[in-house]
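Structural overview for review
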Amino acid sequence: KLGKYDIDTSFSYQSLGGFYAGKSQHYKAIKYYLIAIKIAEEISDDTDFFEPVPLYRAFLYSQIANDYMQSGQIQMARNYIKKSSTIREKYLPINDHRLAETYEDFAFIQFSSGELENAIESLIKANKIYLNSSDPKDESVESNKALIKIASKMKKMLSTGNFVEFNENDIYKDISID
């Protein structure tokens, strides 16, 4: 029986949020995630569910953070990913992929905010987890390495003001923002 403060009711609203997020309707997704979060925050931590309720809350915070990010609300995204991170760091083993995904979420927010050094650090933390886990995610590691390379290059360009890049054939391309 579903009720106002039932974990399954929260899960239903989370599913609606996920549906709208999948259709890139981020404001509608946020609306349903907020309802799911409100319900989940009222539920006891020891409620019977397929995973510990605090980790479910962390999942919800991560989901809404992504939609806030996609809708350009970076500070809201940052607030929710911090909440997710705090819970995940408390409840998950150090090499759990969900922690790595949280660091990747931080990196995305930091990259979008121009915090390139912090984004690089977050991606390095994610890769460390992936590489030390029992089931390494090589594809994620390679993707993160590529992002680290891009962020490092951008950081160097911004610090030097040099927006001309030379390739191995000494042919240049202008990547200025004019």
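Below is a summary of the structure that appears in this document.

Rules used in this analysis
Residues numbered from 1 in each chain as written. Predicted model: local features only at pLDDT ≥ 70, side-chain atom pairs only at ≥ 80, totals over all residues. Heavy atoms only, no water. Core = buried A, V, L, I, M, F, W, Y, C linked by side-chain atoms within 4.5 Å. Buried < 20%, exposed > 50% of the residue type's maximum accessible area, 1.4 Å probe, protein only. Helix = DSSP H or I, 4+ residues; strand = E, 2+ residues; numbered from the N terminus. Contact = heavy atoms within 4.5 Å. Expected span 1.5 Å × (residues − 1). Polar contact = N/O pair within 3.5 Å; in protein donor to acceptor, adjacent residues only side chain to side chain.

**Describing the nonpolar core**
When a protein is soluble and globular, its nonpolar side chains tend to lie buried together. By size, the foremost hydrophobic cluster in this structure holds 36 residues, and its most contacted members are Ile7, Ile37, Tyr56, Leu60, Ile64, Tyr68 and Tyr80. Of all the elements in the fold, those that place two or more residues in this core are helix 1 (7–22), helix 2 (26–42), helix 3 (53–70), helix 4 (74–91), helix 5 (97–112) and helix 6 (116–132). No other element matches the ten residues that helix 3 contributes to this core. When near neighbours in sequence (up to four residues on either side) are disregarded, Tyr80 contacts Leu34, Ile37, Tyr61, Ile64, Ala65 and Tyr68. One finds Ala107, Leu123, Ile148 and Ala151 within the second-largest nonpolar core, a separate group that totals seven residues.

**Remarks on helix 5**
Between its first and last C-alpha, helix 5 extends 23 Å over 16 residues, near the 22 Å set by a 1.5 Å rise per residue. Listed in full, the buried residues belonging to helix 5 are His97, Leu99, Ala100, Thr102, Tyr103, Asp105, Phe106, Ala107, Ile109 and Gln110. At its buried positions, helix 5 is contacted by helix 3, helix 4 and helix 6. At the N-terminal end of helix 5, a side-chain oxygen is found 2.8 Å from the backbone nitrogen of Arg98, two or three residues along, and the residue is Asp96.

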